[in-house]
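The lines below spell out each chain.
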Amino acid sequence: MTPRTIRSVRAHTAQGGGADYHDQGDDHWIDDHIATPMAKYPDYRQSRRSFGLSVLGTLVVELEADDGTTGFAVTTAGEPGAFIAERHLARFLEGAPVQEVERIWDQMYSATLFYGRKGLVLNVISAVDLALWDLLGKLRDEPVYALLGGAVRDELVFYATGSRPDLAQQLGFIGGKMPLQHGPAEGSEGMAKTIARFASVRERVGPDFWLMLDCWMSLDLDYATRLGRALHEHGLRWIEEALPPDDYWSYAELRKRLPAELLVTTGEHEATRWGFRMLLEMGCCDFIQPDVNWCGGMTELMKISALADSRGALVIPHGSSVYSYHFAITRHNSPFCEFLMMHPEASEVVPMFSPLLLDEPVPVGGRMKLPDRPGFGVRLNPEVPLVRPYQH
Ligand SMILES: C[C@H](O)[C@H](O)[C@@H](O)[C@@H](O)C(=O)O
Ligand SMILES: [Mg+2]
């Protein structure tokens, strides 16, 4: 087959849900008094949008090959991401052979080291890399999971993240992860509310259904230790992202302090093989949760996964719609996945990146057989307005 080259790179932005799934309206569980590092400031305690969690919006990266075939992917990066994609990264793509994902990744990462390394820049590199894999799949008429080595299981199984683990249980999910709503700034009263809520949910779901708590970087070592020990009495399965991502030392200490059967997990705001090597080698967590739209894309996540596998660690990706599904189904050390309940009351299964993607698969009864459509098997919804803020 003549190797196709990339003819053009286009970066668009979109608002309202999509890849920036925190960008929801009012009365949505995902923005209802969730504990965060900003909760120490009362003005920013009730809503994460109030301090800017949805300030970026969605970035859509579209790559067109010289035969007119297009691939795309999305991430959380918005207008600054569009600038980076068009004005900086496009030069490493236009004219390059589509299949040279490794060389393109290395050039994007190396060329942005002086201002990137993690965060927004790695979100953009991730979207470009995922768009490359989508384009490659379409050119080869294969789903991305087939390009990665094929499925190691027939279907995916999911736990659900949302405010209603009891409903998640009824919908067939293997577990429910709740967002923490009260952090250290709300003192012992806040901790008592968390424990009471957790105990009440445990009562409703029974002793065997997995229950987890997502702390979204909001705690300190002492508070996380006391909360973990208290919820261990009620069968907490894992405590997630209890501490700020850069405090590797406190994660390692927290893991030593908590009972072995209460897992400490983190990683959704970590990036690159080097960041995850730090988490693994310092003993920060029991399993890692990279987000493939933020950690460096599929090319980097395959490296991260092999690193974890060499240490017997699971890789349970932070929910990222089809991008995490196509990865997880090919990895022996990714036996289950996250599904984020994006319905405002977490009472119904709706596509995670709704309304941005068409044909986005969702779990049924907590399980999913991945469609074998080419690439990631999704299309952009033409009814979602896209803006191209920068040309190059
Ligand atoms: C539910 C959490 O607060 C975050 O909104 C979520 O994006 C992430 O932490 C998760 O693990 O799903
Ligand atoms: Mg999380």
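Note that this is a predicted model, so its numbers are computed, not measured.

*Asks:* When you look at the sheet that holds strand 2 (residues 58–65) in this model, what are you seeing that I'm missing?
*Replies:* Within a beta sheet, neighbouring strands are joined by backbone hydrogen bonds and run either parallel or antiparallel to one another. Here we have three strands laid out as an open sheet, ordered 1-2-3, and antiparallel in their pairing. Pairing within the sheet leaves two strands with one partner each, and these edge strands are strand 1 (6–14) and strand 3 (70–76). Strand after strand, the sheet turns through a mean of 20 degrees between neighbouring axes, direction not considered. Across eight bridges, the pairing between strand 1 and strand 2 is antiparallel. Counted as the bridge partner of Val-9 is Leu-63 from strand 2. Sheet strands in contact with helix 1 (residues 78–93) are strand 1, strand 2 and strand 3, and its direction is about 175 degrees off that of strand 1.

*Asks:* Would you mind showing me how to read the side chain of Glu-64 here?
*Replies:* Following the sequence through the fold, Glu-64 ends up in strand 2. If near-sequence neighbours (up to four positions away) are discounted, Glu-64 is found in contact with Thr-5, Ile-6, Arg-7, Ser-8, Arg-10, Thr-69 and Thr-70.

*Asks:* It is not clear to me how the environment of Asn-333 should be interpreted in this structure. Could you clarify?
*Replies:* Note that Asn-333 resides in the loop between helix 11 (321–328) and strand 11 (337–340). Note on Asn-333: relative accessible area 5%, which makes it buried. Expressed as a C-alpha distance, the spacing of Asn-333 and Asp-309, which sit 24 residues apart in the sequence, is 6.4 Å.

*Asks:* Even after reading the chapter, I still don't get the coordination of the magnesium ion (ligand 2), so can you show me in this structure?
*Replies:* Coordination angles at a metal have ideal targets, namely 109.5 degrees for four tetrahedral donors and 90 or 180 degrees for six octahedral donors. Only Asp-214 (OD), Glu-240 (OE) and Glu-268 (OE) from the protein reach the magnesium ion (ligand 2) as donors, at distances of 2.0 to 2.1 Å. The sequence pattern formed by the donor residues of the magnesium ion (ligand 2) is D-x25-E-x27-E. Separated by 54 residues along the polypeptide, Asp-214 in strand 6 (residues 210–214) and Glu-268 in the loop between strand 8 (263–266) and helix 9 (272–281) bring together distant segments of the chain. Residue Glu-268 is classed as buried on the basis of its relative accessible area of 4%.

*Asks:* Sorry if this is basic, but what is going on with the packing of aromatic side chains here?
*Replies:* Aromatic rings considered in pairs are described by the distance between their centres and by the relative angle of their planes. Overall, the coordinates contain 18 aromatic pairs when judged by the stated rule. Measuring from centroid to centroid gives 6.3 Å for Phe-51 and Trp-216, while their planes differ by 40 degrees, and the two rings are tilted. Within this pair, whereas Phe-51 is found in the loop between strand 1 and strand 2, its partner Trp-216 is found in the loop between strand 6 and helix 7 (221–232), the two being separated by 165 residues in sequence. Overall, Phe-51 belongs to the partly exposed group, its relative accessible area being 24%. Ring plane angle 20 degrees and centroid distance 5.0 Å describe the contact between Trp-105 and Tyr-109, whose orientation is recorded as stacked. Placement of the pair is Trp-105 and Tyr-109 together in helix 2 (residues 101–111), with a separation of four residues, close to one helical turn. Cluster of aromatic residues (ring-pair linked, three or more members): Tyr-159, Trp-210, Trp-238, Phe-287 and Phe-336. The cationic tip of Arg-48 hangs over the ring face of Trp-216; the distance from NZ or CZ to the ring centre is 5.0 Å.

Quick notes on the rules
- Residues numbered from 1 in each chain as written.
- Chains lettered and ligands numbered in written order.
- Predicted model: local features only at pLDDT ≥ 70, side-chain atom pairs only at ≥ 80, totals over all residues.
- Heavy atoms only, no water.
- Pairing = 2+ DSSP bridges.
- Helix = DSSP H or I, 4+ residues; strand = E, 2+ residues; numbered from the N terminus.
- Axes fitted to C-alpha atoms, helices over the stretch in contact; angles between N-to-C directions.
- Contact = heavy atoms within 4.5 Å.
- Buried < 20%, exposed > 50% of the residue type's maximum accessible area, 1.4 Å probe, protein only.
- Donors = N, O, S within 2.8 Å, 3.2 Å for Na, K, Ca; no water.
- Phe/Tyr/Trp six-rings, centres within 6.5 Å; stacked < 30°, edge-to-face > 60°.
- Lys NZ or Arg CZ within 6 Å of the ring centre and 35° of its normal.

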